Amino acid sequence: GDSEIAGRVRLARGRILMDIDALDRAREDFQLVLGLGVLPPKEAREVEDDLIDLDLRAGKFAQGLERVKALIDRDPNDATAWARKGEMHRGMAERALGQAREIIANRLLADTGDRAKTVLDRLGAMDPVDPKRPAVGRDLSVLFDAGDEKHSQQVLRFADQASSESENARVAFATSLSDLGV
């Protein structure tokens, strides 16, 4: 009926808006279409994935993780949802590393800053329970001046957050590649 036609029009418009990076307006259209309940299950699932993509592109990782969790709760064998979960966690890790890099850029001189960023990337990618992490963390903190413990600690906290999110991403990606439900 009319609501199905309206839904199809809003879906098409939402995809166009998504293509031109009008993310909030696209999100509104996709949510309206899902709310109408006029799409067959497979197509509704694709729209949910579009919403997750919008969250990822907008850096709305917590919101995206909620959507992904709902999909995984509905179907624990949804490999695509597990992969999207990995992408969200990877985005969160990158955000934390970006915040740490910003502090490094503002607090350290060029050569020391470059060394710090290299150590930071290693620390952020390490498994949170790796026994070598404390030593790598010390390698990073000694690059800061003696009176700059506050910024050194902030960078280490961001590195810990990135490490944790990277581990969550690895688990989600590995799950997406496993023989789910087989």
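Everything that follows concerns the structure shown earlier in this document.
Given the structure is predicted, the values throughout are model-derived calculations rather than measurements. (Residues numbered from 1 in each chain as written. Predicted model: local features only at pLDDT ≥ 70, side-chain atom pairs only at ≥ 80, totals over all residues. Heavy atoms only, no water.)

J.: Give a detailed account of the pattern of salt bridges, specifying residues and quantitative values.
T.: By the definition in use, this model includes 23 salt bridges. For Arg45, the salt bridge identified is with Asp78, shortest N-O distance 3.0 Å. Taken together, the positions of Arg45 in helix α3 (residues 41–58) and Asp78 in the loop between α4 (61–74) and α5 (79–107) put the pair 33 residues apart, joining distant regions of the chain. The exposure classification of Arg45 matches that of Asp78, with both residues buried. When the shortest N-O distance is used, the salt bridge between Asp53 and Arg84 registers 3.2 Å. You can see Asp53 sitting in helix α3 and its partner Arg84 sitting in helix α5, a full 31 residues away along the chain. Look at Asp53 and you get partly exposed, because its relative accessible area is 22%. Look at Arg84 and you get buried, because its relative accessible area is 10%. Here the salt bridges share partners, and the residues they tie into one network are Asp21, Arg45, Asp49, Asp53, Arg57, Asp78, Arg84 and Glu87. (Salt bridge = Lys/Arg side-chain N within 4 Å of Asp/Glu carboxyl O. Helix = DSSP H or I, 4+ residues; strand = E, 2+ residues; numbered from the N terminus. Buried < 20%, exposed > 50% of the residue type's maximum accessible area, 1.4 Å probe, protein only.)

J.: Explain the packing of helix α2 (residues 23–36) against α3 residue by residue, including any values.
T.: Between α2 and α3, the shortest axis-to-axis distance is 10 Å and the interhelical angle comes to 155°. Taken together, the axis directions place α2 and α3 in an arrangement best described as roughly antiparallel. Both α2 and α3 take part in a crossing whose hand is left-handed. Contacts from Leu23, Ala26, Arg27, Phe30, Gln31 and Leu34 of α2 reach α3 at Ala44, Val47, Glu48, Asp50, Leu51, Leu54, Asp55, Arg57 and Ala58. The class makeup of the residues in the contact of α2 with α3 is nine nonpolar, one polar and five charged. (Axes fitted to C-alpha atoms, helices over the stretch in contact; angles between N-to-C directions. Parallel < 35°, antiparallel > 145°, perpendicular 65-115°, else oblique. Left-handed = near helix turned anticlockwise from the far one by under 90°. Contact = heavy atoms within 4.5 Å. Nonpolar A, V, L, I, M, F, W, Y, C, P; charged D, E, K, R; others polar.)

J.: Could you give me a rundown of α2, with the residues and numbers involved?
T.: Here α2 is 14 residues long and its end C-alpha atoms lie 20 Å apart, about the 20 Å a rise of 1.5 Å per residue gives. Buried residues in α2 make contact with α1 (2–19), α3 and α4. Immediately beyond the C-terminal end of α2, within one or two residues, lies Gly37, with a positive phi of roughly 65°. (Expected span 1.5 Å × (residues − 1).)

J.: Tell me about the nonpolar core, and name the residues and values.
T.: The nonpolar side chains of soluble globular proteins are, as a tendency, buried together. Core analysis: the largest hydrophobic core is formed by 21 residues, its most contacted members being Ile104, Leu108, Ala116, Leu120, Leu123, Leu140 and Val155. Contributing elements (two or more residues each) for this core: α5, α6 (110–125), α7 (133–141) and α8 (149–177). The contact partners of Ile104, leaving out residues within four places of it in the chain, are Gly113, Ala116, Lys117, Leu120, Phe144 and Val155. One finds Leu17, Leu23, Ala26 and Leu51 within the second-largest nonpolar core, a separate group that totals 13 residues. (Core = buried A, V, L, I, M, F, W, Y, C linked by side-chain atoms within 4.5 Å.)

J.: Residues and numbers for the side chain of Ser163, please.
T.: Positionally, Ser163 belongs in helix α8. Among the residues examined, Ser163 registers a relative accessible area of 0% and is labelled buried. Within polar-contact distance, the side chain of Ser163 engages the backbone oxygen of Met126 at 2.5 Å. (Polar contact = N/O pair within 3.5 Å; in protein donor to acceptor, adjacent residues only side chain to side chain.)

J.: Provide a residue-level description of the packing of α5 against α6, including the pertinent values.
T.: Where α5 meets α6, the closest approach of the two axes is 10 Å, and the angle between their N-to-C directions is 160°. When the axis of α5 is compared with that of α6, the two are roughly antiparallel. Crossing geometry of α5 relative to α6 is assigned as right-handed. Here Leu97, Ala100, Arg101, Ile104 and Ala105 of α5 lie close against α6, whose contacting residues are Gly113, Ala116, Lys117, Leu120, Asp121 and Gly124.

Bear in mind that shape data such as this cannot, by itself, settle questions of function.
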